[in-house]
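Working through the structure, step by step
The lines below spell out each chain.
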Amino acid sequence: MTGTRIAALGHYQPARVLTNHDLAELVDTSDEWILSRVGIRTRHVAGPDEPVDELAAHAAGKALAAAGLTAGDVDLVLVATSTAIDRSPNTAARVAARLGMGSPATMDLNVVCAGFTHALATADHAVRAGAARRALVIGADKMTEITDWTDRTTCVLTGDGAGAAIVEATETDTGGIGPVLWGSVPEMGHAVRIEGTPPRFAQEGQSVYRWATQQLPALARQTCERSGIAPEELAGVVLHQANLRIIEPLAAKIGAVNAVVARDVVDSGNTSAASIPLALAKLVERGELPSGGMVLLFGFGGNLSYAGQVVRVP
């Protein structure tokens, strides 16, 4: 075993859709105000009977089916989430139970919006090291459960959903999952917060915007360099779907002039750790990314953490 690849993807969103016009009935906002500032039109909202592990299990089931696998074929489950129901059992264990898995290793990673790319790197490392044969990597968040619906600066952003990937070993290192570039800015960790009882999401929007648009382009290009890929060779760019006004300038500065840029935030809002696998799975499902094409994934946000890698489309 000398390499890894993403064998298949899956995604899931709750049925209920909340529009900007719906939000205008809750807070002092409008469709025009939301579109001009964050570029979001709609978001999906899970009900009280739809916990985050259920969202994750739905996405995982679709990924397993797409790969032609059963739950017993997986021996490692990683769930990136910042909206876990309890401290224990963790979300990964709950997902494993829902899917009827045997005895996989199960763990949650809380790196907020950069969670999926951190989890993908962790799975890549585990499989390469021989600690796991096949991993199920999920990004899932129920952000609307931690949203202050009286705060118009944040309630317009959040949505719920999940995305999943199957990571498995390959006999040759074909560049299926490239080396990760990850890090953080600990002294600015307060810029994105989920605090209090009950927990509530809050952020310093301007600080996050400046950091993302000014500091992250160089880091994203470094991620490409680690994989030996020039930005203009990329088939796609899937950034954390935080805000269209962050995604578009950041994507432009990376220099991926031939790439399809994910803009799922318009229809899904900010789904935190779910945003990258959700957007990637949709692009693949719609045939907008060619099989075998190289795609830059780059997560960023809470803790002012970031992580990125270049992956090959299954």
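To be clear, the structure that these remarks concern was listed above.
Throughout, residues of each chain are indexed from 1 in the direction in which the sequence is written. In keeping with the predicted nature of the model, local features appear solely for residues at pLDDT of at least 70, side-chain atom pairs appear and are counted solely at 80 or more, and the whole-chain, interface and lining totals rest on all residues. Note: side-chain values were computed over all heavy atoms of the structure, leaving out hydrogens and water.

1. Examining the pattern of salt bridges
Throughout this description, the term salt bridge denotes a Lys or Arg side-chain nitrogen within 4 Å of a carboxyl oxygen of Asp or Glu. Scanning the model with the defined rule gives 13 salt bridges in all. A salt bridge links Arg-94 to Asp-86; its shortest N-O distance comes to 2.5 Å. For Arg-94, a relative accessible area of 23% translates into the label partly exposed. Each of the salt bridges in this network shares a partner with another, and the network as a whole consists of Arg-5, Arg-134 and Glu-168. Burial status follows relative accessibility: with a 1.4 Å probe on protein chains alone, a residue under 20% of its type maximum counts as buried, one over 50% as exposed, and anything between as partly exposed.

2. Quick word on the sheet that holds strand β6 (residues 134-142)
The criterion for strand pairing is that DSSP finds at least two bridges linking the strands in question. Helix and strand definitions here come from DSSP, where helices need a minimum of 4 consecutive H or I residues and strands a minimum of 2 consecutive E residues; each element is numbered from the N-terminal end. Taken in spatial order, the five strands make up an open sheet running β1-β7-β6-β4-β5, and their pairing is mixed. Taken across any chain shown, the strands that pair with only one partner, and hence form the sheet edges, are β1 (3-12) and β5 (105-109). Direction aside, the axes of adjacent strands within the sheet are offset by 20° on average. Strand direction decides the pairing type here: strand β4 (residues 76-80) and β6, joined by five bridges, are parallel. Directly across from Ala-80, in β6, lies its bridge partner Gly-139. We call two residues in contact when some of their heavy atoms are within 4.5 Å. Axis lines are fitted to C-alpha atoms, over the contacting stretch for helices. Their N-to-C directions set the angle, which ranges from 0 to 180 degrees. This element, helix α3 (residues 52-67), spans β1, β6 and β7 (160-170) of the sheet and lies at about 125° to β1.

3. So, unusual backbone geometry
A cis amide bond links Ser-88 to the next residue, Pro-89, at an omega of 0°. Within the secondary structure layout, Pro-89 lies in the loop between β4 and α4 (91-99). Look at the link from Thr-197 to Pro-198: it is a cis peptide, with omega at 0°. Here Pro-198 is to be found in the loop between β9 (192-195) and β10 (200-203). Despite not being glycine, Ser-272 shows a phi value in the positive range, around 55°.

4. As for the sheet that holds strand β12 (residues 260-261)
Within a sheet, each strand pairs with its neighbour through backbone hydrogen bonds, oriented either parallel or antiparallel. In spatial order, the strands read β8-β14-β13-β11-β12; together these five strands make up an open sheet with mixed pairing. Of all the strands in the sheet, the pair left with one neighbour each is β8 (181-184) and β12. Judged from the two bridges that link them, strand β11 (residues 236-239) and β12 form a sheet pairing that is parallel. From the neighbouring strand, Val-237 faces β12, where its bridge partner is Val-261. Against the sheet, helix α7 (residues 205-226) engages β8, β13 (294-301) and β14 (305-312), with an angle of about 140° to β13. Against the sheet, helix α8 (residues 244-254) engages β11, β12 and β13, with an angle of about 135° to β11.

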